[in-house]
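# Residue-level structural notes
Chain by chain, the residues:
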Amino acid sequence: MRERSNGYYSSFTYFSSKILFDILPLRLVPPLMFGGIAYGLIGLVPTVGTFWKFILALVLFNLTTASVVLWLSIAFESVSVASLVGTLIMLYNLLFTGLLINRETVTKALQFLHTISFFHAAFEALAVNELRYLSLKEHKYGVELDVPAATILSTFGLRAQSFWWPNIALLGIFFGVFTIGSFLTLHFFVKEKR
């Protein structure tokens, strides 16, 4: 604060160094390592394209979450208020991920709440990436069952053709909006006191 108030560097210099040397290494390397190790061990679809889509969804989700928290830490002077608002945002996102509240059970007027949840975008992208081309085959009691994964996805309120749009695109948009919002908040609203 003191260095910036004395004009040693601009808010852009500080913000870009924060992004390049704090946010990106801490949000790119861990999902790459986790995804690279866990993907094969879990037994997910063993194709190169599906693996890199999995990594992309993990990285974008991680970057989006970090940019939201970065914006909150810049926007609120009080740590306790920032923690409270951050907790409420994360609880909202968890509620509308698709695990607790199915999209189909929500009234049409409120279904947009799933769309603006970045947890939902990541969850649906990962589920669609893994299950889109699979089929559940079972033979029990003399009955042959063959259920396509698209049917299973739609049963849980997930859209089978929604990997790139809207999910991955929304994660990228959320990351961009919150990163730009963080910079603008830092540049125009954070004032140093001497």
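Scroll up to find the structure this text is about.
We now turn to the structure provided with this report. Quick caveat, the model's predicted, so the values are computed rather than measured.

Parameters and conventions
- Residues numbered from 1 in each chain as written.
- Predicted model: local features only at pLDDT ≥ 70, side-chain atom pairs only at ≥ 80, totals over all residues.
- Heavy atoms only, no water.
- Helix = DSSP H or I, 4+ residues; strand = E, 2+ residues; numbered from the N terminus.
- Rg over C-alpha atoms; globule rule 2.2 N^0.38 Å.
- Buried < 20%, exposed > 50% of the residue type's maximum accessible area, 1.4 Å probe, protein only.
- Contact = heavy atoms within 4.5 Å.
- Pairing = 2+ DSSP bridges.
- Patch = residues over 30% accessible without salt bridge, like charges linked within 9 Å, V, L, I, M, F, W, Y side chains within 5 Å.
- Areas by Shrake-Rupley, 256 points an atom, 1.4 Å probe, with all protein chains shown as cover.
- Salt bridge = Lys/Arg side-chain N within 4 Å of Asp/Glu carboxyl O.

A separate point is the overall build of the protein. The helix and strand inventory of the protein stands at eight helices and two strands. Starting at the N terminus and walking to the C terminus, you meet the elements of the protein as α-α-α-α-α-α-β-β-α-α. A globule of 194 residues ought to have a C-alpha radius of gyration of about 16 Å, yet the protein, at 21 Å, is considerably larger. Principal-axis analysis of the C-alpha atoms gives the protein an extent of 80 × 40 × 25 Å. Counting only residues that meet the buried cut, the protein has 39% of its 194 residues in that class. Taking contacts inside the protein between residues at least 6 apart in sequence as the whole, the part at least 24 apart equals 66%.

Another aspect to go through is the pairing of strand β1 (residues 135-140). Here six bridges tie β1 to strand β2 (residues 143-148), and the two strands are oriented antiparallel to one another. Within β2, the residue paired with K140 across the bridge is V143. In textbook terms, the turn of a hairpin is the stretch between consecutive antiparallel strands, and for β1 and β2 this stretch comprises two residues, one of which, Y141, has a positive phi near 50 degrees.

A few words now on the environment of T87. Relative to the assigned elements, T87 resides in helix α4 (residues 79-95). When the C-alpha positions of T87 and V69 are compared, they lie 10.0 Å apart, and in sequence the two are 18 residues distant.

This part covers unusual backbone geometry. Each neighbour pair has its own omega, and for W165 with P166 the value is 10 degrees, a cis peptide bond. By the element assignment, P166 lies in helix α8 (residues 163-189). Even without being glycine, Y141 reaches a positive phi, approximately 50 degrees. Its location among the elements puts Y141 in the loop between β1 and β2.

Here we take up a nonpolar patch on the surface. There is a patch of nonpolar side chains on the surface, built from L28, V29, L32, M33, I37, L41, V48 and W52 and spanning about 840 Å² of accessible area. Among the secondary structure elements, those contributing two or more residues to the nonpolar patch are α2 (11-42) and α3 (48-75). If one sorts the elements of the nonpolar patch by residue count, α2 sits on top with six residues. Looking at where W52 falls in the secondary structure, it is placed in helix α3.

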